[in-house]
Amino acid sequence: MAEFDIQEYMTKGVERVVSEAVRATLKNPEESIFMGKFALASKKASKRRAELKKEGANVPPFLIASITSSCNLHCAGCYSRCTQGTVDSEPVDQMTSEEWSKVFDEASDIGVSFILLAGGEPLIRKDVIKEASTRQNILFPIFTNGTFMDESYIKLFSKNRNLMPVMSIEGDKETTDSRRGEGVYERITTNMEILKKKGIIFGVSVTVTTENLEEVSSKEFLNKLSDMGCKLIIYVEFVPVSDERKDLAPGDKEREIMVEAISKRREEFPEMVIVSFPGDEKSSGGCIAAGRGFFHINSHGGAEPCPFSPYSDINVRDSSLKEAINSKLFVTLRDEGYLLEDHDGGCVLYEKRAEVEKIIDG
């Protein structure tokens, strides 16, 4: 059997997402022009990653940046709060906008095409988002709960099409409000109406659990989102960070259902880009964290395998992104097979957290 090439897999994935995004925006001149330019920038970035790979540097096309630890909501089962990654008060010693600017510049230099801005609630950090807006060769999906989206943000998104709001939704009003709080669903749908009217491309992120899988993968659910103007759906598999909620994590059976459903929905909704995160690990040859396909930088600069595995042995405040990707922790996880092992759903690194901590301590 031929050895699986994760870089080729991820590169083709980026090209497909961009191609689908261009097609999805053909009726919107401003978005279509931007996506056309971004498609060219994405190809250039892909060539840059290929060059660095020949030099021994494995650069992923995706980076997740949690630009703040602060959030105004208390969503049930939030992994970030469970791991103390998110707090109510103003966090101490967060990365400044200047420090994030350095990260964005380095990401551009090494060929990163997508930087997912997360939190906490990323719209709290308008200073960082304004910095992101100036890097037109990088697409910044912003994972937001939508409650801070005001007129000033609408203007910012309209002017800078590389900023793409991706609002979190759990299904219908009852399902969403039960997890995120009363009135959140109505706020999100109101935002959608405004964004659609302004011709701004937007998406949603959906946390998939064993309880809502059938609803959020249904044709009816996507019909509703399509009618509201949504052009991107990112399905995020629920990862338990406490053993009590393991029952909500999709297993192999649920993943197979999602793969089949997503395949059908892509055919039925060609105007929408539908992706799954972390996606089908069997197709990608194992978990794609720790730089195999992406990695995570927390709000204090720590480089982590992924948001669900908050372990770090290097900080980008005093190192480069290339050095972070080749940290002892990341290299060990990639080279010694930790990311390729079978597990019972959820996160393989969470299940092996004791071993991950030993790598750092050793």
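Our subject is the structure listed above.
Below: a short report on this structure. (Residues numbered from 1 in each chain as written. Predicted model: local features only at pLDDT ≥ 70, side-chain atom pairs only at ≥ 80, totals over all residues. Heavy atoms only, no water.)

Examining the pairing of strand S1 (residues 62-66)
Rule in force here: Working definition: with a 1.4 Å probe on protein chains only, accessible area under 20% of the residue-type maximum means buried, over 50% means exposed, and in between means partly exposed. Every helix listed is a DSSP run of H or I at least four residues long, and every strand listed is a run of E at least two residues long, numbered separately from the N terminus. Between any two strands, at least two bridges found by DSSP are needed for them to pair.
S1 sits mainly inside the fold: 5 of its 5 residues count as buried. Residues Phe 62, Ile 64 and Ser 66 line one face of S1 and the alternating positions Leu 63 and Ala 65 line the opposite face, and both faces are buried. Pairing geometry for S1 and strand S2 (residues 114-118), over 5 bridges, is parallel. Each residue of the ladder has a partner; that of Ile 64, found in S2, is Leu 116.

A closer look at helix H13 (residues 328-335)
As a reminder, the rule being used: Here a residue-residue contact requires only that any non-hydrogen atoms of the pair lie within 4.5 Å.
Restricting attention to buried positions, one finds in H13 the residues Leu 329, Phe 330, Thr 332, Leu 333 and Arg 334. Where H13 is buried, its residues meet strand S9 (303-304), helix H12 (321-325), helix H14 (348-351) and helix H15 (353-361). Gly 337 occupies a position one or two residues after H13 and carries a positive phi of about 85 degrees.

Comments concerning the pairing of strand S6 (residues 232-237)
For S6, a buried count of 6 out of 6 residues is recorded, marking the element as mostly surrounded by other parts of the structure. The alternating pattern of S6 places Leu 232, Ile 234 and Val 236 on one face and Ile 233, Tyr 235 and Glu 237 on the opposite face, and all of these are buried. Relative to S6, strand S5 (residues 203-208) is paired through 6 bridges, and the arrangement is parallel. By the bridge assignment, Val 206 is partnered in S6 with Tyr 235. Across 5 bridges, the pairing between S6 and strand S7 (residues 273-277) is parallel. When the sheet's bridge partners are listed, Ile 234 is paired in S7 with Val 275.

Overview of the environment of Gly 36
Counting through the fold element by element, Gly 36 comes out in helix H2 (residues 29-54). Here Gly 36 falls in the partly exposed class, since its relative accessible area comes to 30%.

Here we look at the pattern of salt bridges
Going by this rule: A pairing counts as a salt bridge when a side-chain nitrogen of Lys or Arg comes within 4 Å of a carboxyl oxygen of Asp or Glu.
With the rule as written, the count across this model stands at 18 salt bridges. Salt bridges sharing partners connect three or more residues here, namely Glu 30, Glu 31 and Arg 161.

Structural notes on the packing of aromatic side chains
Selection rule: What counts as a ring pair is set by centres within 6.5 Å for rings of Phe, Tyr and Trp (its six-membered ring), and what kind of pair is set by the plane angle: stacked under 30 degrees, edge-to-face over 60, tilted for all other angles. The criterion for a charge sitting over a ring is simple: Lys NZ or Arg CZ within 6 Å of the ring centre, and within 35 degrees of the ring normal.
A complete count under the given rule lists 7 aromatic pairs for this structure. When the ring of Phe 34 is compared with that of Phe 38, the centres are 6.0 Å apart and the planes differ by 20 degrees; the resulting orientation is stacked. Note that Phe 34 and Phe 38 are positioned in helix H2 at a spacing of 4 residues, about one turn of the helix. Judged by its relative accessible area of 7%, Phe 34 is buried. Look at Phe 38 and you get buried, because its relative accessible area is 1%. One aromatic cluster is present, built from ring pairs that chain together Phe 34, Phe 38, Phe 62 and Phe 114. The ring of Tyr 153 carries Lys 126 above its face, with NZ or CZ at 4.5 Å from the centroid.

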